[in-house]
Amino acid sequence: MTDLFEAAAARDAKLASMAQADANANKSWADVMLELVRLTCCEQLYFTSDDIFDRYDCLSNPPKTHEGRAFGPVMTRAAKAGYCEKANVAPRESTRKSLHASPRTIWRSKLYAQ
């Protein structure tokens, strides 16, 4: 059984890892991804990161980053900006082949207007 100290240490390590990925990401890429999240929030009530990456894949000559894990901090910024929040539903399997159907958080837009 994991105790509270181990759980807190694991949380802190995850936060440090996210901060490191964010610091190493291409800022232009992160800015584009945040804008894609905002656009998605305006058009969809519920979405996953797959929806954002589908939009990204449609861009011509988009900025790249070497660290895909920097998308977590992008979503944190989007939530803090009031674009979206985690939906209170079970995750959905990713449709991206590279993610091997791993679970993706479902987000609920705060900007969507029917």
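Please refer to the structure higher up on the page.
Residues numbered from 1 in each chain as written. Predicted model: local features only at pLDDT ≥ 70, side-chain atom pairs only at ≥ 80, totals over all residues. Heavy atoms only, no water.

(A) Structural detail: the overall build of the chain. Within the chain, the secondary structure is distributed over 4 helices and 5 strands. Listed by position from the N terminus, the elements making up the chain come as α-α-β-α-α-β-β-β-β. Overall, the C-alpha framework of the chain stretches about 45 × 30 × 30 Å when taken along its three principal axes. The contacts of the chain with a sequence gap of at least 6 include a subset with a gap of at least 24, amounting to 66%. (Helix = DSSP H or I, 4+ residues; strand = E, 2+ residues; numbered from the N terminus. Contact = heavy atoms within 4.5 Å.)

(B) Representation of the environment of Tyr46 in the model. Note that Tyr46 resides in strand S1 (residues 46-47). Distance from Tyr46 to Asp31, taken between C-alpha atoms, is 21 Å for residues 15 residues apart in sequence.

(C) Geometry of helix H3 (residues 49-58). Taken residue by residue, H3 has Ser49, Asp50, Ile52, Phe53 and Tyr56 as its buried positions. Burial along H3 is one-sided: seen end-on, the buried residues are contained in an arc of 160 degrees. Check the buried side of H3 and you find it contacts helix H2 (27-43), S1, helix H4 (71-80), strand S3 (92-93) and strand S4 (103-104). (Buried < 20%, exposed > 50% of the residue type's maximum accessible area, 1.4 Å probe, protein only. Arc of directions from axis to C-beta.)

(D) Representation of the side chain of Ser109. Mapped onto the fold, Ser109 is located in strand S5 (residues 107-109). Relative accessible area serves as the criterion here: at 2%, Ser109 is assigned to the buried category. Within polar-contact distance, the side chain of Ser109 engages the backbone oxygen of Cys41 at 2.5 Å. Discounting residues that sit within four places of it in the chain, Ser109 has contacts with Cys41, Cys42, Gln44, Leu45, Phe47, Tyr83 and Cys84. (Polar contact = N/O pair within 3.5 Å; in protein donor to acceptor, adjacent residues only side chain to side chain.)

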